[in-house]
Amino acid sequence: MAQFRLQGSRVLAVDLAGDAVKARNGSMVAYSGQMSFKKLTGGGDGLRGMVTRRLTGEQMAVMEVKGQGTCYFADRATEVNLVRLNGETLYVEADNLLCTEATLRTGTSFTGLHGAASGNGLFTTKVEGQGWAAVMSNGPAIVLRVAQGMPLRVDPGAYIAHTGRLDRSFKSGAGFSTFIGEGGGEAVQIEFTGDGLVYVQPSERSTVGGDV
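Residues numbered from 1 in each chain as written. Predicted model: local features only at pLDDT ≥ 70, side-chain atom pairs only at ≥ 80, totals over all residues. Heavy atoms only, no water.

Participant: If you had to explain the nonpolar core to someone new, which residues and values would you point to?
Facilitator: Grouped together as the largest cluster of nonpolar side chains are 17 residues, with contacts concentrated most on Leu-12, Val-21, Phe-73 and Cys-99. If one sorts the elements of this core by residue count, strand β2 (residues 12-24) sits on top with five residues. Residues contacting Val-21, with those up to four places away along its chain left out, are Ala-2, Phe-4, Val-14, Leu-16, Met-63, Glu-64, Val-65, Phe-73, Cys-99, Thr-100, Glu-101 and Ala-102. Membership of the second largest hydrophobic core comes to twelve residues, among which are Leu-97, Val-127, Ala-133 and Ile-160. (Core = buried A, V, L, I, M, F, W, Y, C linked by side-chain atoms within 4.5 Å. Buried < 20%, exposed > 50% of the residue type's maximum accessible area, 1.4 Å probe, protein only. Helix = DSSP H or I, 4+ residues; strand = E, 2+ residues; numbered from the N terminus. Contact = heavy atoms within 4.5 Å.)

Here's what the structure looks like:
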(Lines give C-alpha, C1' and ligand atoms only; values in the text may rest on other atoms or scores of the structure.)
Protein backbone atom coordinates (compact mmCIF):
# COMPACT_ATOMS: atom_id res chain seq x y z
CA MET A 1 0.00 0.00 0.00
CA ALA A 2 1.42 3.38 -1.04
CA GLN A 3 2.17 5.76 1.83
CA PHE A 4 1.27 9.40 1.22
CA ARG A 5 2.92 12.19 3.24
CA LEU A 6 3.65 15.88 2.84
CA GLN A 7 7.18 17.15 2.34
CA GLY A 8 6.52 20.71 3.40
CA SER A 9 3.17 22.08 2.25
CA ARG A 10 3.73 22.05 -1.51
CA VAL A 11 5.30 18.67 -2.24
CA LEU A 12 3.70 15.23 -1.97
CA ALA A 13 6.02 12.34 -1.07
CA VAL A 14 4.76 8.83 -1.86
CA ASP A 15 6.59 5.77 -0.54
CA LEU A 16 6.12 2.80 -2.88
CA ALA A 17 6.89 -0.85 -2.24
CA GLY A 18 6.08 -2.38 -5.61
CA ASP A 19 2.65 -0.74 -5.79
CA ALA A 20 1.46 2.12 -7.99
CA VAL A 21 -0.18 5.54 -7.96
CA LYS A 22 -1.87 7.66 -10.61
CA ALA A 23 -0.61 11.24 -10.83
CA ARG A 24 -0.95 14.32 -12.99
CA ASN A 25 1.30 13.88 -16.00
CA GLY A 26 4.57 15.77 -15.54
CA SER A 27 4.09 16.35 -11.80
CA MET A 28 7.06 14.22 -10.71
CA VAL A 29 9.82 16.50 -9.40
CA ALA A 30 12.22 13.88 -7.97
CA TYR A 31 12.44 10.21 -6.97
CA SER A 32 14.75 7.76 -5.29
CA GLY A 33 14.84 4.03 -5.96
CA GLN A 34 13.51 2.22 -9.04
CA MET A 35 10.46 3.78 -10.71
CA SER A 36 8.60 3.30 -13.98
CA PHE A 37 6.36 5.95 -15.56
CA LYS A 38 3.55 5.17 -17.98
CA LYS A 39 1.22 7.76 -19.51
CA LEU A 40 -2.44 6.79 -19.28
CA THR A 41 -5.09 7.86 -21.78
CA GLY A 42 -8.16 9.84 -20.76
CA GLY A 43 -7.69 10.31 -17.03
CA GLY A 44 -10.80 8.32 -16.10
CA ASP A 45 -11.39 4.61 -15.75
CA GLY A 46 -12.96 2.91 -18.74
CA LEU A 47 -14.26 4.07 -22.10
CA ARG A 48 -16.99 6.28 -20.61
CA GLY A 49 -14.48 8.40 -18.71
CA MET A 50 -12.34 8.86 -21.80
CA VAL A 51 -15.25 9.76 -24.09
CA THR A 52 -16.84 12.11 -21.57
CA ARG A 53 -13.62 14.08 -21.12
CA ARG A 54 -13.17 14.45 -24.88
CA LEU A 55 -16.75 15.60 -25.42
CA THR A 56 -16.69 18.12 -22.56
CA GLY A 57 -13.15 19.36 -23.05
CA GLU A 58 -12.10 18.36 -19.54
CA GLN A 59 -8.52 17.37 -20.22
CA MET A 60 -6.53 15.53 -17.59
CA ALA A 61 -3.31 13.81 -18.64
CA VAL A 62 -2.48 11.09 -16.10
CA MET A 63 0.54 8.87 -15.59
CA GLU A 64 0.99 5.65 -13.63
CA VAL A 65 4.02 5.57 -11.36
CA LYS A 66 5.13 2.17 -10.07
CA GLY A 67 8.19 0.91 -8.26
CA GLN A 68 10.27 0.69 -5.12
CA GLY A 69 11.32 3.85 -3.34
CA THR A 70 9.98 7.38 -2.87
CA CYS A 71 8.52 9.63 -5.54
CA TYR A 72 7.91 13.36 -5.07
CA PHE A 73 5.09 15.24 -6.82
CA ALA A 74 4.29 18.96 -7.13
CA ASP A 75 2.60 21.33 -9.55
CA ARG A 76 3.29 25.08 -9.91
CA ALA A 77 4.15 25.42 -6.19
CA THR A 78 0.49 24.95 -5.21
CA GLU A 79 -0.44 23.71 -1.75
CA VAL A 80 -1.09 19.97 -1.36
CA ASN A 81 -3.93 18.61 0.78
CA LEU A 82 -4.26 14.94 1.71
CA VAL A 83 -7.71 13.32 1.66
CA ARG A 84 -8.27 9.83 3.06
CA LEU A 85 -11.19 7.96 1.51
CA ASN A 86 -12.83 5.07 3.35
CA GLY A 87 -15.41 3.95 0.83
CA GLU A 88 -16.87 7.41 0.20
CA THR A 89 -16.63 9.52 -2.96
CA LEU A 90 -14.46 12.58 -3.52
CA TYR A 91 -15.66 15.09 -6.11
CA VAL A 92 -12.80 17.33 -7.22
CA GLU A 93 -12.14 19.81 -10.01
CA ALA A 94 -9.84 18.16 -12.57
CA ASP A 95 -7.28 20.98 -12.31
CA ASN A 96 -6.98 20.37 -8.55
CA LEU A 97 -6.29 16.62 -8.52
CA LEU A 98 -2.59 15.80 -8.14
CA CYS A 99 -2.33 12.10 -7.25
CA THR A 100 -4.35 9.06 -6.11
CA GLU A 101 -3.61 5.54 -5.09
CA ALA A 102 -3.97 3.24 -8.09
CA THR A 103 -6.64 1.24 -6.23
CA LEU A 104 -9.00 4.24 -6.26
CA ARG A 105 -11.49 4.41 -9.12
CA THR A 106 -11.64 7.65 -11.09
CA GLY A 107 -14.35 8.82 -13.44
CA THR A 108 -16.61 11.75 -14.19
CA SER A 109 -19.73 13.23 -12.63
CA PHE A 110 -22.27 15.64 -14.15
CA THR A 111 -22.27 19.04 -12.44
CA GLY A 112 -24.62 21.03 -14.66
CA LEU A 113 -24.77 24.72 -13.89
CA HIS A 114 -22.10 24.43 -11.20
CA GLY A 115 -19.55 23.49 -13.84
CA ALA A 116 -20.72 26.20 -16.18
CA ALA A 117 -20.46 28.83 -13.45
CA SER A 118 -16.96 27.77 -12.42
CA GLY A 119 -15.74 27.71 -16.00
CA ASN A 120 -14.64 24.07 -15.74
CA GLY A 121 -17.22 22.39 -17.95
CA LEU A 122 -20.30 20.34 -17.15
CA PHE A 123 -18.41 17.41 -15.60
CA THR A 124 -16.05 17.07 -12.66
CA THR A 125 -13.72 14.28 -11.53
CA LYS A 126 -15.04 11.58 -9.20
CA VAL A 127 -12.70 9.47 -7.03
CA GLU A 128 -14.06 6.43 -5.17
CA GLY A 129 -12.80 3.63 -2.94
CA GLN A 130 -10.32 3.08 -0.14
CA GLY A 131 -7.09 5.02 -0.13
CA TRP A 132 -5.34 8.36 -0.36
CA ALA A 133 -5.87 11.24 -2.75
CA ALA A 134 -3.85 14.45 -2.98
CA VAL A 135 -5.72 17.63 -3.89
CA MET A 136 -4.07 20.92 -4.82
CA SER A 137 -5.15 24.41 -3.81
CA ASN A 138 -3.98 27.92 -4.58
CA GLY A 139 -3.01 28.79 -1.02
CA PRO A 140 -3.78 26.72 2.11
CA ALA A 141 -7.22 25.13 1.74
CA ILE A 142 -9.86 25.25 4.44
CA VAL A 143 -12.27 22.38 5.08
CA LEU A 144 -15.82 23.47 5.91
CA ARG A 145 -18.48 21.22 7.45
CA VAL A 146 -21.99 21.15 6.02
CA ALA A 147 -24.69 19.77 8.34
CA GLN A 148 -28.43 19.24 8.08
CA GLY A 149 -30.16 22.61 8.33
CA MET A 150 -26.83 24.45 7.95
CA PRO A 151 -26.29 25.04 4.21
CA LEU A 152 -23.04 26.47 2.88
CA ARG A 153 -22.57 28.82 -0.05
CA VAL A 154 -19.23 28.89 -1.88
CA ASP A 155 -17.88 31.05 -4.67
CA PRO A 156 -17.48 28.79 -7.75
CA GLY A 157 -13.91 30.00 -8.28
CA ALA A 158 -12.89 29.08 -4.72
CA TYR A 159 -14.45 25.59 -4.66
CA ILE A 160 -12.04 22.71 -5.22
CA ALA A 161 -13.60 19.51 -3.82
CA HIS A 162 -16.15 17.90 -1.52
CA THR A 163 -17.05 14.60 0.12
CA GLY A 164 -20.14 13.27 1.83
CA ARG A 165 -23.85 13.26 1.09
CA LEU A 166 -24.17 16.72 -0.35
CA ASP A 167 -26.55 18.26 -2.86
CA ARG A 168 -25.36 21.18 -4.99
CA SER A 169 -27.44 23.93 -6.48
CA PHE A 170 -26.63 27.07 -8.40
CA LYS A 171 -27.69 30.28 -6.65
CA SER A 172 -27.69 33.91 -7.67
CA GLY A 173 -26.41 36.35 -5.08
CA ALA A 174 -27.18 39.37 -7.19
CA GLY A 175 -29.93 41.31 -5.46
CA PHE A 176 -31.08 44.87 -6.04
CA SER A 177 -28.42 46.30 -3.72
CA THR A 178 -25.71 44.54 -5.75
CA PHE A 179 -26.82 46.18 -8.97
CA ILE A 180 -26.80 49.66 -7.47
CA GLY A 181 -23.31 49.15 -6.11
CA GLU A 182 -24.06 48.44 -2.45
CA GLY A 183 -23.75 44.65 -2.50
CA GLY A 184 -20.77 42.39 -1.99
CA GLY A 185 -20.31 41.79 -5.72
CA GLU A 186 -20.55 37.99 -5.56
CA ALA A 187 -23.00 37.31 -8.40
CA VAL A 188 -23.18 33.51 -8.25
CA GLN A 189 -22.59 30.87 -5.61
CA ILE A 190 -22.84 27.11 -5.22
CA GLU A 191 -25.09 26.11 -2.33
CA PHE A 192 -24.29 22.84 -0.56
CA THR A 193 -26.93 21.13 1.57
CA GLY A 194 -26.83 17.80 3.41
CA ASP A 195 -23.94 16.33 5.38
CA GLY A 196 -20.31 16.45 4.31
CA LEU A 197 -17.10 18.43 3.87
CA VAL A 198 -16.27 21.12 1.33
CA TYR A 199 -12.70 22.11 0.42
CA VAL A 200 -12.23 25.78 -0.41
CA GLN A 201 -9.10 27.62 -1.57
CA PRO A 202 -8.30 31.23 -0.58
CA SER A 203 -8.03 32.29 -4.22
CA GLU A 204 -10.66 32.52 -6.93
CA ARG A 205 -10.40 31.20 -10.48
CA SER A 206 -11.97 33.24 -13.26
CA THR A 207 -15.60 32.19 -13.59
CA VAL A 208 -18.43 32.76 -16.02
CA GLY A 209 -20.44 34.68 -13.42
CA GLY A 210 -17.62 36.86 -12.18
CA ASP A 211 -18.30 39.94 -10.12
CA VAL A 212 -21.26 42.19 -10.69
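Participant: Account for the pattern of salt bridges, naming residues and giving values.
Facilitator: Tallied over the entire structure, the rule returns six salt bridges. Among the salt bridges present, the one from Asp-75 reaches Arg-76, with a minimum N-O distance of 2.7 Å. Arg-84 serves as the salt-bridge partner of Glu-101, at 3.7 Å between the closest nitrogen and oxygen. With a gap of 17 residues between them, Glu-101 in strand β6 (residues 97-101) and Arg-84 in strand β5 (residues 79-92) connect regions that are remote in the sequence. Given a relative accessible area of 5%, Glu-101 falls into the buried group. We classify Arg-84 as partly exposed; its relative accessible area is 29%. (Salt bridge = Lys/Arg side-chain N within 4 Å of Asp/Glu carboxyl O.)

Participant: An account of the confidence of the model for the protein chain is needed here, citing residue identities and associated values.
Facilitator: The pLDDT averaged across the protein chain works out to 82; a share of 73% of its residues lies at or above 70. With pLDDT under 50 throughout, residues 113-121 is counted as low confidence; its partners more than four residues away or in other chains account for 24 contacts. Note on residues 175-184: pLDDT is under 50 here. Beyond four places in sequence and across chains, it has eight contacts. (pLDDT = per-residue confidence, 0-100.)

Participant: Before we move on, can you summarise unusual backbone geometry with the specific residues and values?
Facilitator: With a phi angle near 55°, Arg-76 is a residue other than glycine that sits in the positive phi range. Structurally, Arg-76 can be placed in the loop between β4 (62-73) and β5. Using a relative accessible area of 67% as the deciding quantity, one classes Arg-76 as exposed. Its identity is not glycine, yet Ala-77 carries a phi of approximately 60°, on the positive side. Taking relative accessible area as the criterion, Ala-77 reaches 47% and is therefore assigned partly exposed.

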